[in-house]
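Chain and residue survey
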Amino acid sequence: MISRSHAKIDGRSAAMGKPLYVEDLAPKDALVVKILGSVHPFARIERIDSSKALALEGVVCVLTYEDVPRVPVTFAAEAAPEGSTHDRTVLERIVRYMGEPVAVVAAESEKIALEALSLIEVEYTVFEPNFNMEESIGSTALYESSEVFTHFDNGSRPEKNIIAAKHERHGQEVHEVLNESEYSVDLISSTQAQAHAMSETHRCFCSPDPRGKLVIYSSCQSVFNTQRIVAESLGIPPYKVRVIKPKVGGAFGGKNTTFFEPIVAAVTLKTGRACTLITTRKECFTITNTRHASKVRVQMGLDAEGSISAIAVDMLINGGAHGEHSFDVLCVGCNNSLPIYRTPRALSFDGRAVYTNTVPAGAFRGFGGPQVQFALEGAVSRLAWDSKRDPSLLRLENCITAGESHPFVSGGVVKSSTLRQLIERGRELIGWEENYPARRVDEDTIRAVGMSIAMHGSGIGGLDRVNATVSLNYDGSVTLFVGSCDLGTGADTVLLQIASQVLELDTEAINLVVSDTELTPYDKGAYASSTTYVTGNAVAAACQKLRTKILDQASVLYSLKSENLELVEGFIKDTGSETESIPLHRLATDLASHGGGTQLSVTSPYRCDVSPPPYVAGFVLLEVDTRTGKIDLKKYVALVDCGTVINPALARIQVEGGCAQCMGWALHEDVIYDAKGNLKSDSMFTYRIPTSMDIPPMEVEFIESYEPTGPFGAKSMGEVVFHTPAAAIREALLHATGIFYPSLPFTPMKVLKGIEELHEEGGRLPC
Amino acid sequence: MLRCEEYVRTEDLDTALSLGRAADVQYIAGGTLSRLYDRQCRLVVDILPLLDDGIKKTGDELVLGAGCSLRALECSAVITQSDLGILREAVRHLGGVALRNMITLGGTIASRLGSSELITTLVALQASVVLHGIGKVSLDEYLQGGFLNEIITELRIPLRSRHYSLESMRNGFTDMSLLHVAVVRDAADLLIVAGSRPGRAAVARRASRLYKEQPEIPGKELVATALQELFFGSDLRADAWYRKKVFPVLLERALKEVGV
C-alpha cells in the first residue's frame, strides 16, 4: 500500500457535490452571525450603542468588547503553550486595522443581521495609523505593555512595536569573514503579503448539546488548539467545548488561526441557540490574515575555491495588527532555511516581526521559508553572476548532504538527502547546458533558465506531540482514531495507507474517525508539514502494537505458539504447523464474544524530536519580452526529495499546487491598501490567483531518500514545494536582463522599469 | 453581491423599460457583474428571458442577440465563417468557460467596462447596438455616456473583408487586461481603438484619420499620433507611465499584423 496512488478517500464524494463541508452540515434554523468591522485602522471605541439593532425584530443578540473577557490571548492554533505573542481578545476596544471586528450580531436571517449592523452606533477616538514596518519600529506603540503576554521570552517588545525577535550566531564574525572572501554580496529582498485565497472561506457553526456543551463545527487546521483557544478566550473549561472539523475546502495556513470560533461560541453561550458564521470573500480578505510581507537582507561571501564562506540574514517581517505566528515565522526563516547550505565559517540570523495597522499576518504555507529562501537564493544567484560561475554548480558544490551537521538544523545532522541528485537531474530535464544562461529568441524576446533549491522541516522538532488509537472491531475491521486535520490534501488517505501497510488490511476494512476533540486522541493539528511524518509515525506505531497484540491474543485463544504466528493479509498463519490459517474476523468475533469479551485497542504517542528536512530543486525556462516586461513561463521542473513517497499521485498534486501558488506570488499576486488603510485587493477580481492557463508545462520527479525517523522512510512535502519558483524566476530574469530585481511580484510593469533604468544608465541587455 | 428589495421578470421589454426608468433600478442580463460588486438597489429587473440569443447573418451584417453568451459567441460557426475570429480572441481570457456561459453580450456592452476587450474590438469593427424602442445606434456613440436606462436587444457587425488584430497586456491569463488595442483595416479605413487605459474604449481618431488621408504613412507616425491623442491613467493593475510605454509597442505589433 505504500508508494501506491490510492485515490483520495473522499475525492469522489467531493466531486459529486455531496454535503461534506461546514455550511452543508449547519442546522437550517441556526442564527446568522454577522460582523461589524472598524472603519478606522487605529482607534479606540468610546461609545457603542446597540439598542437600535437589538430593537429590530429578529435580532437575538449583539456582542461588543464589553461582553467578552479582557484576558489577552492569541488566536494562533499551534502548540500549547503557544509561543505567539498574546495580544488580543475576542472583540477589541482598541481596533488596530481597518475591518477589525467591533460588534457581532446574531439574527434570525442574514437580511436582518445585515440591517442590524447598520443600526449600531460607534464613536471612536482616532489615532494616527502606521502601515510601514520599518517606520513602525519605535514609533507610536499599538499596544500598552500590559495588553501583551508571552509564555516565554520570544523577543516581544510592544513598547517598540516589536512582536517577536530571534537571534542566532555560529562561528566567526560575519564581517571578518566577508572581508576575507573573494566575492561578497549584500542584498535586500522584499516580498509582499499574500492572501490564502482558499476555495472555502472561513466558516464555523456552534450548537449546544443536551448537556449544554458547545459543539463547534469548524473549517480549521487544529481541533484541539481551537478548543483550547475558545476556552481560554471565553474563560470556560475546555471540556465544555467540542470541536469537529468536517472536510475543509483549502486552508494553506490561513485557518491555523482561530478567528471566528470564539465568536460563535460566545453567541451560543449567550443565546443558547445554534448559530452559523460564514465569512464573505471580502471578509476573508479583510478580517483574517495574510502571509507576512518581508524585507530580508542577506550578506554572503564566497571563497576563491567557490565555497560559501559566510551567511548573515537579517529578516524584518510585517506582523500587521496582531502577533499570531510571527515568532514561528522567524524560527522557520532561520532553522528551516539556512541549513540548505553547508555550515559556513560565519553564520548569523537576526529576525524581527513588527506591528503595523494592516490586516494581521499569520500562518501561510512555508512560514518564513519563502521569504528567507527567496532572499538567500537571490544572493547565490548574484554571487554566481558576479563571479561568473554557473549557479547550478555553485549550489551543487555548496548544498548540504546526508550525514553533514549544521548548527541550525533540527537534530543537528541531516540524516537523509538526495539534494545533489535533485540538482543534477533538474539540470538535465530543463536543458540547462543548452539554455544557460540566456539567448535571444527574436528582436523583443530573450529566453533564459534559472533555478533554486529549498528545504523545510517535517513537523516541529522537540515540540509536536500526537497520538493515534487503533481498535480491532468485533467483525475483524479496524478503526483508526486520529485527531489530525486533513485540509483537502489527502492526508487522511495517507494515514489509512500507513495503517493498511502495517496491518496488511485493505483500506476499505479500516474505518477512520478523525478531527473530533471528543472522539479522537490529542493531535496538535495540521501545520508545519506534519501529518504524514508526525501523525503517520503515531499511526504506524499504534498499528504495529495492535498487530503484536492480535498475535498474542490468537496464541492464548487458540493455544498456538506466538513465535510461530504471522498476520498476513487478514489471516493469522501458524508457520509451525499445517493447520489452516485463521481469518482475522474470526479471531475478532471470538475475542469479542465467548473468547472473553475483549476488544483490542492500542494508543500510541509520537514525540517529534527532530524535524528532518525535505528538499526541492526547481528549474524554470522562461522568456522575457524586453519591450513590455512580460514574463512568459515556458517550462517548470520540480525535483523533490520527501523521503519515501507514500502516495505518488497525491504527492505530485502537492508539488504542482505549491509551485503554482508560488508562481502567483512571484508574478502578480499583491495585497494592496489605499492611503487610509482600506484593502483594495479585497475580491477575486482585484486579487488574482493563477489559473491553469498561467502555469507552464510542469515536470515533477521524486528522487527518494530514506528518512530513518519517518514512517516507512517518509518526510514532509506540503510546504517545501512552495519555495523554489520565485527565486528560480528571479535568477532567470537576472540571466535574461543582467538586472537583479529586489522585490516581488515581477509584474510586467516592474520588469520593464528595471530594463528602462538599465538603458537610462547606459547599460545593455546581456544578449 | 448585488442586493435588492425586489426582483422581477417582466412579460415584455416595454414593461421592463418602463420599470427601468424609475429610480434605483438595476437591469440584469446574466448577473455576473452583479455578483462582483457589493451594491444595493430597490428593484432588479431580470431581462435575460426577453433577449434573443441567436447569431445569424442578415444581408451584409452579422446580427447577434443581446442574450447570447460569450461562450456561444466563442464557439459560433457563423462567426468563424464570417472571418471574425478576433471575437474569440477578445473573450477567451475572461474567467473560464463556466463564467463565459453566463456572461451575455448585452450585459457586457451595457456595463461599458473600460477593461472589456470585447467592447474595444466591437468598436473597432464599427458595430452598432439596437436599443429597444430607439433602434440602431453606433456602439461608439452608445459608449459616449447616453442611453443609460435603455435596453440593448441586438448587436450588428457590418460584414466586409478586413484585416484585424487585438494586442493585450495583462498580469495573469484570466486577469483583466491592463492595456489593449484593437486595430481593424479594410479597403478604405483603419480604426485604432484602445481599452483598459483604464478608461472606456477610445478611438484614436486622429491617427485613424491620418491613415485614411495618407495610406502610405509609416506605422511609427500613426503610433506617435495615437499615443499623443489618447489619455492613459493609473489603477490597481498598472501605472500611467507603464501604459504610455507599452501602448506604442502593442500598437506597433497590431499595425504590423494588419499590414501597416
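Our subject is the structure that appears above.
None of the values given here were measured: they were computed from a predicted structure. (Residues numbered from 1 in each chain as written. Chains lettered and ligands numbered in written order. Predicted model: local features only at pLDDT ≥ 70, side-chain atom pairs only at ≥ 80, totals over all residues. Heavy atoms only, no water.)

**Notes on the overall build of chain B**
- Check the secondary structure of chain B and you find 12 helices and 12 strands.
- Rg of the C-alpha trace for chain B: 18 Å, near the compact-globule value of 18 Å for 260 residues, within the 12% margin.
- Here chain B holds 260 residues, and 55% of them are scored as buried.
- Taking contacts inside chain B between residues at least 6 apart in sequence as the whole, the part at least 24 apart equals 59%.
- Surface summary for chain B: the accessible area is close to 11200 Å², and the carbon and sulfur share equals 50%.
- Looking at chain B, you have 32 positive and 32 negative side-chain charges, and the mean spots of the two groups are 5 Å apart. (Helix = DSSP H or I, 4+ residues; strand = E, 2+ residues; numbered from the N terminus. Rg over C-alpha atoms; globule rule 2.2 N^0.38 Å. Buried < 20%, exposed > 50% of the residue type's maximum accessible area, 1.4 Å probe, protein only. Contact = heavy atoms within 4.5 Å. Areas by Shrake-Rupley, 256 points an atom, 1.4 Å probe, with all protein chains shown as cover. Lys, Arg positive; Asp, Glu negative; His and termini not counted. Charge placed at Lys NZ, Arg CZ, Asp CG, Glu CD.)

**Regarding empty space enclosed by the protein**
Residue and element names in this part refer to chain A.
- For the structure on display, the rule yields 4 cavities of 30 Å³ or more.
- Within this model, the largest cavity holds a volume of roughly 90 Å³.
- Considering the residues around the largest cavity, the lining is formed by 13 residues, among which Ala195, His196, Cys284, Phe285 and Asn289 are closest to the centre.
- Among the residues forming the lining of the largest cavity, the class breakdown is 7 nonpolar, 5 polar and 1 charged.
- In this structure, the second largest cavity encloses a volume near 80 Å³.
- The wall of the second largest cavity is formed by Phe75, Arg88, Thr89, Val90, Glu92, Tyr97, Glu100, Pro101, Phe259, Phe260, Ile263 and Ile287.
- Of the residues contributing to the lining of the second largest cavity, the split by class is 8 nonpolar, 1 polar and 3 charged. (1 Å grid on protein atoms, 1.4 Å probe; cavity = no way out; pocket = protein on both sides within 12 Å on 5 of 7 lines; lining within 4 Å. Points joined across faces, edges and corners; volume = space filled by probe spheres on them. Nonpolar A, V, L, I, M, F, W, Y, C, P; charged D, E, K, R; others polar.)

**A few points about the nonpolar core**
Residue and element names in this part refer to chain A.
- Counting residues in each nonpolar core, the largest one holds 66 residues, and the members touching the most others are Met300, Val313, Ile423 and Ile453.
- Each residue touching Met300, except ones within four places of it in the same chain, is listed here: Leu178, Tyr183, Ser184, Val185, Ile308, Ala310, Ile311, Leu376, Ala379, Val380 and Leu383.
- Formed by 64 residues, the second largest nonpolar core is a distinct cluster that contains Val33, Ala106, Leu214 and Ala231. (Core = buried A, V, L, I, M, F, W, Y, C linked by side-chain atoms within 4.5 Å.)

**Considering the state of the cysteines**
Residues and elements named next belong to chain A.
- The tally for this structure, following the rule as stated, stands at 0 disulfides over all chains.
- Note on Cys334: no disulfide assigned, nearest cysteine sulfur contributed by Cys331 at a separation of 7.7 Å.
- By relative accessible area, which is 0% here, Cys334 ends up buried.
- This cysteine, Cys399, is not joined by any disulfide, and Cys642 carries the nearest cysteine sulfur, 17 Å off. (Disulfide = S-S within 2.5 Å.)

**A few points about the sheet that holds strand S2 (residues 43–49) of chain A**
- Judged by pairing direction, the sheet is antiparallel, and its 3 strands sit side by side in the order S4-S2-S6 (chain A) without closing on themselves. The sheet is open, and its two borders are formed by strand S4 (94–95) and strand S6 (121–126) of chain A, each paired with just one other strand. (Pairing = 2+ DSSP bridges.)

**Considerations on the packing of helix H11 (residues 219–229) of chain B against helix H12 (residues 240–257) of chain B**
Residue and element names in this part refer to chain B.
- It is at 10 Å that the axes of H11 and H12 come closest, and there the two elements cross at 140°. Put simply, H11 runs oblique to H12. Crossing angle aside, the handedness with which H11 passes H12 is right-handed. From H11, Gly219, Leu222, Val223, Ala226 and Leu227 reach across to H12, where they touch Lys244, Phe247, Pro248, Leu251, Glu252 and Leu255.
- Across the contact of H11 with H12, the residue classes tally to 8 nonpolar, 1 polar and 2 charged. (Axes fitted to C-alpha atoms, helices over the stretch in contact; angles between N-to-C directions. Parallel < 35°, antiparallel > 145°, perpendicular 65-115°, else oblique. Left-handed = near helix turned anticlockwise from the far one by under 90°.)

**As for the packing of aromatic side chains**
- Under the defined criterion, the tally for this structure stands at 17 aromatic pairs over all chains.
- Summarising the aromatic geometry, the rings of Phe152(A) and Phe327(A) are spaced 5.7 Å apart at their centres and angled 70° between planes, so their arrangement reads as edge-to-face. One end of the pair, Phe152(A), is in the loop between helix H5 (133–136) and strand S7 (162–171); the other, Phe327(A), is in helix H10 (residues 326–335), with 175 residues separating them in the sequence.
- Phe152(A) sits in the partly exposed class, given a relative accessible area of 39%.
- Where Tyr741(A) meets Phe746(A), the ring centres are 6.2 Å apart and the plane angle is 65°; that geometry is what we call edge-to-face.
- Judged by relative accessible area, Tyr741(A) falls into the buried class, the value being 3%.
- For Phe746(A), a relative accessible area of 2% puts it in the buried group.
- Through a chain of ring-to-ring contacts, the aromatic side chains of Phe364(A), Trp665(A) and Phe722(A) assemble into a single cluster.
- The ring of Tyr143(A) has Arg96(A) sitting right over it, with the charged end atom 3.7 Å from the ring centre.
- In this arrangement the basic side chain of Arg112(B) is found over the ring face of Tyr142(B), its NZ or CZ atom lying 3.9 Å from the centre. (Phe/Tyr/Trp six-rings, centres within 6.5 Å; stacked < 30°, edge-to-face > 60°. Lys NZ or Arg CZ within 6 Å of the ring centre and 35° of its normal.)

**Regarding the pattern of salt bridges**
- Across all of its chains, the model carries 62 salt bridges over all chains by this definition.
- Here Glu731(A) and Arg395(A) are joined by a salt bridge, their closest N and O atoms 2.8 Å apart. Highlighted residues: Glu731(A) in helix H19 (residues 724–737) and Arg395(A) in helix H12 (residues 391–398), separated in sequence by 336 residues. For the pair shown, Glu731(A) and Arg395(A) are each scored as buried.
- Residue Arg170(B) pairs with Glu117(B) through a salt bridge whose shortest N-O separation is 2.5 Å. Placement of Arg170(B) in the loop between strand S9 (162–169) and strand S10 (179–186) and of Glu117(B) in helix H8 (residues 117–124) is noted, with a sequence separation of 53 residues between them. Pair check on accessibility: Arg170(B) and Glu117(B) agree, each one buried. (Salt bridge = Lys/Arg side-chain N within 4 Å of Asp/Glu carboxyl O.)

**Some points on the sheet that holds strand S11 (residues 190–195) of chain B**
Residues and elements named next belong to chain B.
- Pairing within the open sheet is antiparallel, and its 4 strands lie in the order S9-S10-S11-S12. With one partner strand each, in any of the chains shown, S9 and strand S12 (202–203) form the two edges of the open sheet.
- Pairing between S10 and S11: 6 bridges, direction antiparallel. In the sheet register, Ala182 faces S11, and the bridge partner there is Val193.

**A look at the interface of chain A and chain B**
- On the side of chain B, 22 residues touch chain A, which itself brings 21 residues to the contact.
- Buried surface at the junction of chain A and chain B, both sides included, amounts to about 2200 Å², of which 63% is carbon and sulfur.
- One can count 5 salt bridges joining chain A with chain B.
- Of the charged contacts, one joins Arg627(A) and Glu252(B) as a salt bridge, the two residues approaching to 2.9 Å between their closest N and O atoms.
- Considering every element that reaches the side of chain A that touches chain B, the biggest residue donor is helix H20 (residues 748–760) of chain A, with 5 residues.
- Of the residues contributing to the side of chain A that touches chain B, the split by class is 7 nonpolar, 5 polar and 9 charged. (Buried area = accessible area lost by both parts, 1.4 Å probe.)

**Some thoughts on H19(A)**
All names here are of chain A.
- With 14 residues, H19 ought to run about 20 Å at 1.5 Å a step, and its terminal C-alpha atoms sit 20 Å apart, in line with that.
- A large share of H19 lies buried, amounting to 14 of its 14 residues.
- Once H19 finishes, Gly738 follows within two positions and takes phi at roughly 75°, a positive value. (Expected span 1.5 Å × (residues − 1).)

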